[in-house]
Amino acid sequence: MTARIGVVTFPGSLDDRDAQRAVRLAGATPVPLWHGETALRGVDAVILPGGFSYGDYLRGGAIARFAPVMETLIDAAKGGLPVLGICNGFQILCESHLLPGVLTRNAHMRFRRRSQRLRVENSATAFTSHFDPGQEIVIPVKNGEGRYVADEHTLDELEGEGRVVFRYLDGNPSGALRDIAGVTNAAGNVVGLMPHPEHAVEALTGASLDGLGMFTSVIAHLGQTAAAGS
Amino acid sequence: MTGKHEAADVEQVDQELNLDTVEIAAKTPDEVQPYAELGLRDDEYAKIREILGRRPTGSELAMYSIMWSEHCSYKSSKVHLRKFGEKNPTNTRMLAGIGENAGVVAITDELAVTFKVESHNHPSYIEPHQGAATGVGGIVRDILAMGARPIAVMDTLRFGDAEHPDTKRVLPGVVSGISFYGNCLGLPNIGGEVVFDASYQGNPLVNALSVGVLPASRLQNKAASGVGNVVVLLGQKTGKDGIGGVSVLASATFEDDATDNRPSVQVGDPFVEKLLIESCLEMYDAGLVVGIQDLGGAGLTCALSETAAAAELGMYVDLERVPLRDATMEPHEVLASESQERMLLIVNPSKVEDVLAVAEKWGVLATAIGTVTAASPEGGGGRLIINWHGQTVVDCPPGSLADDGPVYHRPIKEPNDRALIAADRAETLPRPSTDAELRETVLKMAATPNLADKTWITEQYDDMVGGNTALSMPDDAGVLRLDGTGAVDPNIGPLGIALSTDGNGRFARLDPYTGAQLAIAEAYRNVAVTGATPIAASDCLNFGSPEDPHVMWQFAQAVEGLADACAQLGVPITGGNVSFYNQTGMTAIHPTPVVAVLGVLDDVRRRVPMGFANDGDVIILLGETFAELSGSEWAWSQHGHLGGIPPAVDLAGEMALAAVMKRAAEVEHVSAAHDLSDGGLAQALVESVLKHGVGARVKLPDHADPFVWLFAESTARAVVCLPRGHEVAFGALCDEHGVPWTPLGIVDSTVGGLEIVDHFQIPTGELREASEGTLPRLFG
């Protein structure tokens, strides 16, 4: 049975269909979820896609965290459901306190889009097991509010616990503290990153195929969990 | 929130004491009206009185002044634009053409594509960010109104001198506006142009393009048909923004105090537009709407009159039902407002509840404001009757607003300096003579604002959202996969479309007929080098004041040239836009016809990118090089010279080149290609090296004048790369189509840059510094 991976659409979600396509290319079944419904439709994992949910009024993700779907999702994530937040989804995870820190306006104050080299710092999360530790990958980045910020204590804690998952190489596109591109929670089931792995899954459209690893990782993770549970 | 009719129990407000109704107008024929201030001539005002059989009410006067403005009525251009219709090649692909919100062309029996380019020049000068943002929003709604899902945007930009302080205000604002609106809307920005020239200093050009895709069966139209059908306003509340935007801004020349016009610029909210797109598409798929029209320039005035006129029926509207952002608005303001993100729907009464439910799902305001009424028994369509709290403020034939505007035969005069300009040739200017001077010229040209790397701008655009972008800037054309096509058989790739926008104001200044042809030739070539087959075009004609006979001559020449070129290329104009009054004081911009060409790829996986990538690939120049330097980037950037005769147009050559590229892409003869245009061969080589940082060794033919070969801007040329072993077959293909081909060298990363054998070598780092340093230095 293929894994069922939910992709939440908020009003203003933009990369939701792209995330669904990536799930399908990785070999799982994408399940559209609607922001206004609390039901998670029995999915095995959830992706919060990129975009400008609710117009990003106030601050990226700040309104989306109050969506009905987030009520059940927050509990499920705390219970171990794999959840990936991409770009605006990462912002929502931070605003929901499933991940520490916050994403602020880029230091140069402009939207920036480019192919970005990253280092995989933690290959033990639900979404990174198919990468080698320290592997360098190319994933596009595109955002105006992508500067990861947390207090020194939190940053030290993240580093100490190996919870920085991705770090920018060859130049930090946003001024993110300590070049942080993505982080995970302590359990490793919730991952958020600013770059867009769903845009690096096809030779036709992507600068690399490196993004696919995140989606195949979670499918493998779900397979193991299912095997362990049976 | 959504559209239940509220009983008209609103108190009669004070302003209504001053309300100018039809009843009052009939009784006060001698009332003095400010028609001249609203831009209407004496004879036009008299015509309105004749149509109505009385003086117009204040609301009617506002509506006629807007609909009869240059922007809405095309009164100066109409007689010329007919040439497109007369000369357009017959094309079975065309499902909707000129006069619709956007042209629609069939790609397969089931699938169609719609695209259009439109100007938002004046608002973008006054308030660059919002002006450019709402330019994107407006063209996207045109595409949506045809029944299509918008899938990409592009933009063609012209700014003043790059070093001018005001350019530092206008450019960052325009770019951030396009970035903000397009990115938030989830539409990839896949290409465009940026050109600097002092002629645009007080009049930048912001031409926005959008493209959408639709099942052919979902094609929508704007006719408000079906007596008794309900008129529904969908989207944003109506505010005072953009009032008079059309008549005040787009139809008059700027004076010095342009900032006084700021309240006339609309303010955009892409989030609402995104919801508008999703809700409209859901309504189309459920078959809920009979007709639809976007609200753009002239707001409700245009949408109500055009939808009613298109159906040759009448319409009754209770205007006070329009949700307002500002309760003090008067009826003429409600009618004229250009508040963004609104659509007008014509809905069967049995479907109104469903329409309101879809709107509510997406959180978009929907309000029933009127009904479609019968045609007059005596013919000539129906009446557009608009009430305000029970009092009739408008009662007129909708066709008189939408279709019967004035038509001017403006005086045309050929400028008397043409012979002088033609004689002032760039071919006689001093040229670099030594190899060191040639090398320095390549670097200086690569660093000019027009030729320099545009990443500072394009990195602010999301080019990948949607996941179908196969090529985008700096490639020659944007290429998109049409999602969902060809997925079953692995041997049949998905379909693709290619789009490019081009225009060269300098060439058009030298000769508008030729300049317009060169614009479509370049866009056609840019599409062709990706391997796509060009099938349709859209134009945006940016000119000075039509009241200047020299400008009208330029315009007439450009239209003629474009129409002739379309006929020869077999590519019809499917729609477009005219922007006049692009001038400051008496000085007009360079005439700037911008042309967008759409092409199709039978298998998008075979699209040909730009840039040297593989060591050992053979570099070949297609086409012929002549000593054509007048109007070139070299003449302008190195000598500040603009004179002579622009490069010769060779449409047969362009078609042959396109045929070669299509076939070569299909059989994978070519690994990369790049068209030759601004800056000539030198610039094409520089860009090809910088794309992947892979160098090349190039040897010019023995007989070649290196300066001419490097910098001439002869047309119908491209540089292609062939994997080794394909030379013979490719050469035969070129011969078959009569395309001259010249082996130039090989892709070779060990060169570490660009080597012109026997002349000079430039390391990649030096090229990169020249090309990539300019825009960050200018704009931070």
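Residues numbered from 1 in each chain as written. Chains lettered and ligands numbered in written order. Predicted model: local features only at pLDDT ≥ 70, side-chain atom pairs only at ≥ 80, totals over all residues. Heavy atoms only, no water.

Observations regarding the nonpolar core
(1) Moving on: Formed by 125 residues in total, the largest nonpolar core has its most connected members in Phe 10 and Tyr 148 of chain A together with Leu 234 and Leu 345 of chain B.
(2) Moving on: Structurally, this core is a two-domain feature, drawing no fewer than three residues from each of domain 1 (1-67 + 220-404) and domain 2 (406-452 + 608-780) of chain B.
(3) Moving on: In terms of nonpolar packing, the next biggest core, distinct from the first, is built from 45 residues, Leu 40, Met 329, Ala 336 and Ile 346 of chain B among them. (Core = buried A, V, L, I, M, F, W, Y, C linked by side-chain atoms within 4.5 Å. Buried < 20%, exposed > 50% of the residue type's maximum accessible area, 1.4 Å probe, protein only. Domains from an automatic or database assignment.)

Observations regarding helix H13 (residues 352-361) of chain B
Residues and elements named next belong to chain B.
(1) Moving on: Turning to H13, its buried residues number three or more, namely Val 352, Val 355, Leu 356, Val 358 and Ala 359. Mapping the buried residues of H13 onto a view down its axis gives an arc of 160°, with all of them on the same face. Along H13, exposed side chains directed more than 90 degrees from the buried face belong to Glu 353 and Glu 360.
(2) Moving on: Those residues of H13 that are buried are in contact with strand S7 (230-235), helix H10 (270-285), strand S10 (342-347) and strand S11 (366-373). (Helix = DSSP H or I, 4+ residues; strand = E, 2+ residues; numbered from the N terminus. Arc of directions from axis to C-beta. Contact = heavy atoms within 4.5 Å.)

A look at the domain arrangement of chain B
(1) Moving on: When the domains of chain B are assigned, the result is domain 1 (1-67 + 220-404) and domain 2 (406-452 + 608-780).
(2) Moving on: With centres defined by C-alpha atoms, the gap from domain 1 of chain B to domain 2 of chain B works out at 51 Å.

Describing a nonpolar patch on the surface
(1) Moving on: A grouping of Tyr 57, Leu 58 and Ile 63 of chain A is seen on the molecular surface, where their side chains present a nonpolar patch of about 310 Å² in accessible area.
(2) Moving on: Judged by its relative accessible area of 38%, Tyr 57 of chain A falls in the partly exposed class. (Patch = residues over 30% accessible without salt bridge, like charges linked within 9 Å, V, L, I, M, F, W, Y side chains within 5 Å. Areas by Shrake-Rupley, 256 points an atom, 1.4 Å probe, with all protein chains shown as cover. Salt bridge = Lys/Arg side-chain N within 4 Å of Asp/Glu carboxyl O.)

Digging into the pattern of salt bridges
(1) Moving on: Tallied over the entire structure, the rule returns 60 salt bridges over all chains.
(2) Moving on: As a salt-bridge pair, Arg 439 of chain B and Glu 766 of chain B come within 2.9 Å of each other at their nearest N and O atoms. Separated by 327 residues along the polypeptide, Arg 439 of chain B in helix H16 (residues 435-446) and Glu 766 of chain B in helix H26 (residues 764-779) bring together distant segments of the chain.
(3) Moving on: Of the charged contacts, one joins Glu 666 of chain B and Arg 663 of chain B as a salt bridge, the two residues approaching to 3.2 Å between their closest N and O atoms. Of this pair, Glu 666 of chain B and Arg 663 of chain B both sit in helix H22 (residues 651-666), separated by three residues, roughly a single helical turn.
(4) Moving on: Among the residues examined, Glu 666 of chain B registers a relative accessible area of 35% and is labelled partly exposed.
(5) Moving on: Residue classification places Arg 663 of chain B among the partly exposed positions, given a relative accessible area of 40%.
(6) Moving on: Taken together, the salt bridges that share partners define one network made up of Arg 119, Glu 121, Glu 152, Asp 156, Glu 159, Arg 167 and Arg 178 of chain A.

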